[in-house]
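Here's the letter readout for the chains.
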2 protein chains.
Amino acid sequence: MKKTTIYDIAKELNITAATVSRALNNNPRISEDTKKLVQETAQRLNYKQNRVAQALKSGKSNNVGVVVPYINRNFFSNIIRGIEEELNPKGYHVIISQTHEKANKEIDIVQNLLNAQVDGILISISRQTSSDEHFVQVLEKNVPLIFFDRKKEIKGGSSVTLDDFDGAYQATKHLIEQGCQKIAHMTIDLSLLIYQNRLAGYKKALTDHGMTFKPEYVIGLQSEIVAGKDAAQKLMELPEPPDAIFSSTDLGALGAIQYLKEIGLKIPDDFCVVGFSNEPFTQFMELPITSVDQAPLTMGKTAAKVFLEQMDSEGVKIEKNVVLNPTLEIRKSSLKKGK
Amino acid sequence: MKKTTIYDIAKELNITAATVSRALNNNPRISEDTKKLVQETAQRLNYKQNRVAQALKSGKSNNVGVVVPYINRNFFSNIIRGIEEELNPKGYHVIISQTHEKANKEIDIVQNLLNAQVDGILISISRQTSSDEHFVQVLEKNVPLIFFDRKKEIKGGSSVTLDDFDGAYQATKHLIEQGCQKIAHMTIDLSLLIYQNRLAGYKKALTDHGMTFKPEYVIGLQSEIVAGKDAAQKLMELPEPPDAIFSSTDLGALGAIQYLKEIGLKIPDDFCVVGFSNEPFTQFMELPITSVDQAPLTMGKTAAKVFLEQMDSEGVKIEKNVVLNPTLEIRKSSLKKGK
DNA sequence: TTGTAGGCGTTATCAT
DNA sequence: ATGATAACGCCTACAA
């Protein structure tokens, strides 16, 4: 079945394609009669606008590219949900791609998206990413570029991020208020800004409350349960073991909890643990885990809104940096009785 | 900065755009010299193919539409990951949309995707969906239509589904083998085929092992923890309460476990519970939950492969229905000692 | 081996 | 209020 075009409608009505186009686009200087006629015929012939042709003509594809490390991570899939829900009603389609945390892949993807004439790119950079060139190219083509969560400082780019510093600060302060004296910190890849900021927030909370920062209380790991267990073990074997852990990941926190229970510690009485991300499982546990919520849905919606603003302000270049506030979800793993 | 086109390259080299196009597409009847020249100039001028123009010309957009109820459900985001990983290397972009389980939204989305000239649609239908028309339209336009997980029987459509019957059968059989005598079943929306099949598999396993099916042991609920608790309570208040539950969802299973623990039952000694979906949290629990794994990644990859096959077999209409086998992940919640 | 010309479907700019 | 025409960028018969 051939697709029907405006020419088919035109032929049917003995008018010209231009008129049909105008009628369909509600051009004011078309008689109501023809408009009606055209619309009816369009319906009858089952006409559908060809968005590709429109895109070629207008230079606008109505597609935006969204780039993340992995789609199936809870955090990212929530962000994407937010983006889709904000952009779909405005007529945009969301194209998703995964970098697998590889810089090369990211560069390829960005190139491909540009070739596909996307109207904007929303991205959370890969762990490996160090160069800027592909982002510069995006901006040179006047394609809006919005970073979310993991950003790259670049002139002309916008961003929506979480106040990781504050999240870590809240978490640490909460532990202090629970009476914890020796608070350790588990972190991940410190090459990423977000983890640096969490570390910084942790430090600041300590010193703000008259506690000294001890380097040996900071331990790096992969985001896995076993790694969390191992790290906890190392911490507990220190001459002066900690009495609380603020982990930059929930899986790390979970692993730590498992190890601490194994060696007979009572949580939260003997030891408090706080995670980061507020993964779904943290609230399902028998011992629910306190965690910093990153508001991914809001982050996605906000990133989409920033994109829309840029599209609206034709010509005027906007550079907007939104910082969202995290919320500490306090649960059993850090809530001492009587507090 | 204006985009460079093949005309710019042509002008630069005093040749014609057609030659440039051929050179870039590696047309055999172009001299190696010009090819090289063209490629160098393309590089130098930072030329990028315009995929929209190509799409208009060829009728192929190199975009596929993927439609799911919600992107952030673990099951769906894993499927999407599989699809993207399979299709990206082949040069396709993946457009995602969410139906929010609404039939209207689904119809709109499908229309929009068709307007956008997608080369294929991969979809898991909404709970509400009853009509077929939008799918018929897809097939009439010769656009490959592949259902995954939740399908609609329709001539010309392909599908990749899970053998839900078998998953339920395995789960129930496992409970029987553990010595459970009175096995209840928690289900969700029986208007969806998948839940019907799970119920059927449950029944068959019972009768195959000489146990009688009791309607009062089947209880419907929403997929929430509280609903699981309530349902478990109702079951336990029966004159003859069950000694095991096979739940069609993991959250239902979790809720049930929480209630059972509250009333002092020991799991798995007094009571066994099996869930469905193998959500990440099931393995993180202090009492890890046995669950049926749905192999979402494989499902996504398979759906993508089916789509690719259809694209390869130009003209020939293929209708393919793949059924994947679930795996029972046996964990503590159903594993009696000594078994 | 390369050039010419037309068309994919739409819209914007002239005319009429 | 409508028609004619060109253009978006690319590709491909057909010619040369």
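Residues numbered from 1 in each chain as written. Chains lettered and ligands numbered in written order. Predicted model: local features only at pLDDT ≥ 70, side-chain atom pairs only at ≥ 80, totals over all residues. Heavy atoms only, no water.

Re the overall build of chain A
Filter applied, for reference: A run of H or I in DSSP counts as a helix once it spans at least four residues, and a run of E counts as a strand once it spans at least two, with each numbered from the N terminus. Every radius of gyration here is taken over C-alpha atoms, with the globule rule written as 2.2 Å times N^0.38, N being the number of residues. Two residues form a contact once any of their heavy atoms are found within 4.5 Å. Where accessible areas are quoted, they stem from the Shrake-Rupley method and a 1.4 Å probe; at the residue level, only the protein chains shown are allowed to cover. All tallies of charge rest on Lys and Arg as positive and Asp and Glu as negative; His and the ends of each chain are not included. A single reference atom marks each charge: NZ on Lys, CZ on Arg, CG on Asp, CD on Glu.
A tally of regular secondary structure across chain A gives 13 helices and 12 strands. The C-alpha atoms of chain A give a radius of gyration of 26 Å, which is well past the 20 Å a tight globule of 339 residues would have. C-alpha extents for chain A along the principal axes are approximately 90 × 40 × 35 Å. In chain A, 72% of the contacts between residues at least 6 apart in sequence involve partners at least 24 apart. As displayed, chain A has an accessible area near 14,800 Å², and 49% of this comes from carbon and sulfur atoms. Charge separation in chain A, taken as the distance between the mean sites of 42 positive and 41 negative side-chain charges, equals 5 Å.

Some remarks on the protein's contact with DNA strand D
Let me state the cut-off plainly: Neighbouring residues are identified by heavy atoms, a residue being near a molecule or strand if any of them is within 4 Å of it. N or O atoms within 3.5 Å of each other form a polar contact, as long as, within protein, one can give a hydrogen and the other can take it, and as long as residues adjacent in sequence are counted only when both atoms are side-chain atoms.
Within the structure, DNA strand D sits among 26 residues, and Thr19, Arg22 and Thr34 of chain A together with Tyr47 and Gln54 of chain B are positioned closest to it. Near the protein, meaning within 4 Å, the atoms of DNA strand D are sugar or phosphate in a fraction of 63%, with bases accounting for the rest. Here a phosphate oxygen of DNA strand D sits 3.0 Å away from a polar atom, N or O, in the side chain of Ser21 of chain B. Secondary structure elements with two or more residues in the surface near DNA strand D: helix H2 (17-24) and helix H4 (51-58) of chain A together with helix H1 (6-13), helix H2 (17-24) and helix H4 (51-58) of chain B.

With respect to the interface of chain A and chain B
Filter applied, for reference: Once two parts are joined, some of their accessible surface, as seen by a 1.4 Å probe, is lost; buried area is that loss totalled over both. The classification used treats Ala, Val, Leu, Ile, Met, Phe, Trp, Tyr, Cys and Pro as nonpolar, Asp, Glu, Lys and Arg as charged, and all other residues, Gly among them, as polar. Here, any two strands with at least 2 DSSP bridges between them count as paired.
Counting residues at the interface gives 50 residues for chain A, matched by 50 residues for chain B. Roughly 4,600 Å² is buried in total at the junction of chain A and chain B, and carbon and sulfur atoms are behind 55% of that figure. When the buried surface of chain A facing chain B is broken down by residue, Val52, Asn72 and Phe284 of chain A rank first, second and third, together holding 13% of it. At the surface where chain A touches chain B, the tally comes to 18 residue pairs in polar contact (both at pLDDT 80 or more). Elements that contribute at least two residues to the side of chain A that touches chain B include exactly H4, helix H5 (74-87), strand E2 (93-98), helix H6 (103-115), helix H7 (133-140), helix H11 (250-262) and helix H12 (280-284) of chain A. Classifying every residue of the side of chain A that touches chain B by side-chain character gives 20 nonpolar, 19 polar and 11 charged. In the sheet, E2 of chain A pairs with strand E2 (residues 93-98) of chain B via 3 bridges, with the strands oriented antiparallel. Counterpart to Ile95 of chain A in the pairing with E2 of chain B is Ile95 of chain B.

Concerning the sheet that holds strand E7 (residues 218-220) of chain B
Residue and element names in this part refer to chain B. In plain terms, the rule: Angles run from 0 to 180 degrees between N-to-C directions of axes, and those axes are lines fitted to C-alpha atoms, restricted for helices to the stretch in contact.
Pairing is mixed across the open sheet formed by 6 strands, whose spatial order is E7-E6-E8-E9-E10-E12. Where the open sheet ends on each side, the last strands, each with one partner, are E7 and strand E12 (327-329). For this sheet the average axis-to-axis angle between neighbouring strands, irrespective of direction, equals 20°. As paired strands, strand E8 (residues 244-247) and strand E9 (residues 272-277) are joined by 3 bridges and run parallel to one another. The residue bridging Ala244 from the neighbouring strand is Cys272, located in E9. In this fold helix H8 (residues 164-177) packs onto strand E6 (183-187), E8, E9, strand E10 (290-293) and E12, with an angle of close to 165° to the strand it touches most, E9.

Some words on the protein's contact with DNA strand C
In the region of DNA strand C, 25 residues are neighbours, and Tyr7 and Tyr47 of chain A together with Thr16, Thr19 and Arg22 of chain B sit closest. For DNA strand C, the backbone portion of the atoms within 4 Å of the protein, that is sugar and phosphate, comes to 59%. Within the contact set of DNA strand C, a base oxygen lies 3.1 Å away from a side-chain nitrogen or oxygen of Arg22 of chain A. Take Lys57 of chain B: an N or O atom from its side chain is 3.2 Å from a base nitrogen of DNA strand C.

Looking at the pairing of E9 of chain B
Residues and elements named next belong to chain B. Rule in force here: Relative accessibility decides the category of a residue: with a 1.4 Å probe and only protein chains considered, values under 20% of the type maximum give buried, values over 50% give exposed, and everything between is partly exposed. With the strands pointing away from the viewer, any crossover whose connection runs clockwise from the first strand over the helix to the second is right-handed.
Extensive coverage of E9 is indicated by the burial of 6 of its 6 residues. At this point the chain moves from E8, through helix H11 (residues 250-262), to the parallel E9, and the crossover so formed is right-handed. Two elements, E9 and E10, share 4 bridges in a ladder whose sense is parallel. Bridge pairing in E10 places Gly275 opposite Ser291.

Overview of unusual backbone geometry
Following Ile267 of chain A, the chain continues into Pro268 of chain A via a peptide bond in cis, with omega recorded as 5°. Tracing the backbone through its elements, the reader meets Pro268 of chain A in the loop between H11 and strand E9 (272-277). Phi at Asn14 of chain A takes a positive value of approximately 60°, unusual for a residue other than glycine. Relative to the helices and strands, Asn14 of chain A resides in the loop between helix H1 (6-13) and H2. The exposure class assigned to Asn14 of chain A is exposed, which follows from its relative accessible area of 73%. Positive phi is not limited to glycine here, since Asn46 of chain B has a value of about 60°. Note on placement: Asn46 of chain B falls in the loop between helix H3 (32-44) and H4.

Examining the pairing of strand E3 (residues 120-123) of chain B
All names here are of chain B. Residues of E3 alternate between two faces, with Gly120 and Leu122 on one and Ile121 and Ile123 on the opposite face, all of them buried. Sheet topology places E3 next to strand E4 (residues 145-148); 3 bridges connect them, and they run parallel. Of the residues in E4, the one forming a bridge with Leu122 is Ile146. This β-α-β element, E3 to helix H7 (residues 133-140) to E4, shows right-handed connectivity.

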